[in-house]
Amino acid sequence: MDKITMVHRDSLSCEAIVRRLADGSLLLVSQCGGQTEPCPENRVLVFHSTDDGESWSRPQPILPENGRAVYATDLDVEGGRVTARITEHNGGYLDVDCYDLVSEDGGYTWRREEIPCFGKTFVFLRGAVYARGIKLVAYQHYPIEKEENDALVRAKKTVLDSMLPAARCGALLTRDGGKSWEKSEDVLIPSEWQGKHVWQWPEPTIAALSEGYAMLLRVNGAGVLYRSDSADGLRWSKPCPTEIPNPNNKPKLLNLSDGSIALINTPNPRPGMKNRNPLEIWISDDDMRTWRYKKRVLDFPGWLSYPDGFAEGDRIRFAFELNRHDVYFADCDISDYNRSRK
């Protein structure tokens, strides 16, 4: 049986992310506030649940108010340590400050730490994958020069007006629990589609294969997800289109305990937010060559955006937003897939 529970309604909600904590509770963060994204009123709110998502705490800001816009792109949980990947900016993804917020009390208090490899440049760090003693963290990087940043600020524009030729994606890799990091070669997603300048939000998601790794990427305008593969997490193939429909929406890959791979996606080939439905879970048992299990979670005729969560046995639990206002928590049963494997 599936359950879908409303968590919060706001003037704007974008990229809700939920994780299980070491004490068994759930932690959810989401960008909320303002009327658009990006805008100066965007903030990140934190929610807790101690009853497996049946009810949620009142929202609390992840940071004290300082007048700056805030965005979170991932929650990484390792034992009692929770890391939120934060981008602070002027309201237009300019004058960015990217860093980690670390909590060791379940997301009630946070301290700042610097991110590896990228310094002060504009980068989104996304979902982590643990496999074969290695941890990989997906990234999408926008190396905008200071001169262009400052010119856009003076003109009261946003990063969407940047002429950066491509978004750079890949993985950060650690073999020693985060003491040292390696950065992969970049996977380029050009800021052009069919002869027009299109800002790209690739939102890479990575899964471990039986050998190596696969990355799926959103490519605005394409109508399908793109895929890149790597044997070692450091060198990635040129992204190629898949047959997985996607309407310019964030996908999410999850490794399952039996070696299968789940994908949470809105498989609609028509680009645009109004086409972000239906919301489905697909599962592959052959390294993402085919998807023999498909489950429709929701086909409400609205914008079902940015699913992100985790897998536990017979359940896949994730957060998503409806119509850029409402944050929901989904608890989905995949026991029929697991039974078919026995």
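The following paragraphs examine the structure supplied in this document. Every value quoted in this text rests on a predicted model; they were computed, and no experiment measured them.

How each quantity is defined
- Residues numbered from 1 in each chain as written.
- Predicted model: local features only at pLDDT ≥ 70, side-chain atom pairs only at ≥ 80, totals over all residues.
- Heavy atoms only, no water.
- Helix = DSSP H or I, 4+ residues; strand = E, 2+ residues; numbered from the N terminus.
- Rg over C-alpha atoms; globule rule 2.2 N^0.38 Å.
- Buried < 20%, exposed > 50% of the residue type's maximum accessible area, 1.4 Å probe, protein only.
- Contact = heavy atoms within 4.5 Å.
- Polar contact = N/O pair within 3.5 Å; in protein donor to acceptor, adjacent residues only side chain to side chain.
- Pairing = 2+ DSSP bridges.
- Axes fitted to C-alpha atoms, helices over the stretch in contact; angles between N-to-C directions.
- Salt bridge = Lys/Arg side-chain N within 4 Å of Asp/Glu carboxyl O.

What follows covers the overall build of the chain. Scanning the chain from terminus to terminus reveals two helices and 27 strands. Relative to its length of 342 residues, the chain is compact, with a C-alpha radius of gyration of 19 Å against a globular reference of 20 Å. Viewed in the frame of its principal axes, the chain has a C-alpha envelope of about 60 × 45 × 45 Å. Residues classed as buried in the chain amount to 60% of the 342 residues present. Long-range contacts, defined as pairs at least 24 residues apart, comprise 51% of the intrachain contacts of the chain with a sequence gap of at least 6.

All right, on to the side chain of Asn246 then. Its place among the elements puts Asn246 in the loop between β20 (240-245) and β21 (252-255). A polar contact of 2.8 Å, which involves the side chain of Asn246, links it to the side chain of Asn265. What Asn246 contacts, discounting residues up to four positions off in sequence, is Arg218, Gly223, Val224, Leu225, Asn265, Thr266, Asn268 and Pro269.

Taken together, the four strands give an open sheet; going across it, the order is β21-β22-β23-β24, and neighbouring strands pair in antiparallel fashion. Strands with a single pairing partner mark the edges of an open sheet, and in this sheet they are β21 and β24 (293-298). Between one strand axis and the next, the sheet turns through 20 degrees on average, direction left out of account. As paired elements, strand β22 (residues 261-265) and strand β23 (residues 279-284) share five bridges and run antiparallel to each other. Each residue of the ladder has a partner; that of Ala262, found in β23, is Ile283.

Under the defined criterion, the tally for this structure stands at 37 salt bridges. With its nearest N and O atoms 2.4 Å apart, the salt bridge here joins Glu312 to Arg317. Asp331 serves as the salt-bridge partner of Arg315, at 2.8 Å between the closest nitrogen and oxygen. Placement of Arg315 in strand β26 (residues 315-322) and of Asp331 in strand β27 (residues 326-333) is noted, with a sequence separation of 16 residues between them. Assigned by exposure class, Arg315 and Asp331 land together as buried.

Another aspect to go through is the pairing of strand β3 (residues 26-32). Along β3, seven of the seven residues are buried, which leaves the element largely enclosed by surrounding structure. In β3, alternate side chains face the same way, and those of Leu26, Leu28, Ser30 and Cys32 on one face and Leu27, Val29 and Gln31 on the other are all buried. Here six bridges tie strand β2 (residues 13-20) to β3, and the two strands are oriented antiparallel to one another. Opposite Ile17, over in β3, you have Val29 as the bridge partner. Pairing analysis gives seven bridges linking β3 to strand β4 (residues 43-49), with the strands arranged antiparallel. Bridge assignment links Leu27 to a residue of β4, and that residue is His48.

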